[in-house]
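Descriptive analysis of the structure
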Amino acid sequence: MLVSCNKKDKPICDIPKDITYKNQIASVIEIQCFKCHAEDVYKEKASRSKIFDYTSLKKMGESGQLVGSITHAQGYIAMPYRKETKIDSCTIELIKTWVDLGMKE
């Protein structure tokens, strides 16, 4: 990943043109979110927010909650929860682009 030194510039992210849940998003969600949102722990750690499968994650994407949470937008619970930092900006851009492109499986 190439990152500019100028704080006003956004990092240069290599976002694929065809993003799918199976090819890119599932692994990102597993790495970034499964500590609290995996199927075997989400009821205890994630207030029942289910995002460990395509159907549930797509529903969160359609509602705006997925992007709102990972971007720490006002009115959404910031994810990762109780951390001072967001996931990296290129991962956020990947997820936002996937949502914008219609969340292909």
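Let me begin by describing the structure that accompanies this report.

Parameters at a glance
- Residues numbered from 1 in each chain as written.
- Predicted model: local features only at pLDDT ≥ 70, side-chain atom pairs only at ≥ 80, totals over all residues.
- Heavy atoms only, no water.
- Helix = DSSP H or I, 4+ residues; strand = E, 2+ residues; numbered from the N terminus.
- Salt bridge = Lys/Arg side-chain N within 4 Å of Asp/Glu carboxyl O.
- Buried < 20%, exposed > 50% of the residue type's maximum accessible area, 1.4 Å probe, protein only.

**Observations concerning unusual backbone geometry**
The omega torsion across M79 and P80 is 0 degrees, close enough to zero to call that bond cis. Inspection of the secondary structure assignment puts P80 in the loop between α4 (65-70) and α5 (89-100). Positive phi values are uncommon outside glycine, yet H72 reaches one of about 60 degrees. Summarising the element assignment, H72 is placed in the loop between α4 and α5. Located in the positive-phi region is M103, a residue other than glycine, with phi close to 55 degrees.

**Notes on the pattern of salt bridges**
Close approach of charged atoms allows side chains with opposite charge to pair. Under the counting rule described, the total for this entry stands at three salt bridges. Two residues, E62 and K58, come together in a salt bridge whose shortest N-O distance is 3.9 Å. Residue E62 and its partner K58 are both found in helix α3 (residues 54-63); the two are separated by four residues, about one turn of the helix. One salt bridge in this structure joins E93 and K96, with 3.5 Å as the shortest N-O distance. Of this pair, E93 and K96 are both found in helix α5, three residues apart, which corresponds to roughly one turn of the helix. Classification of K96 as partly exposed rests on a relative accessible area of 27%.

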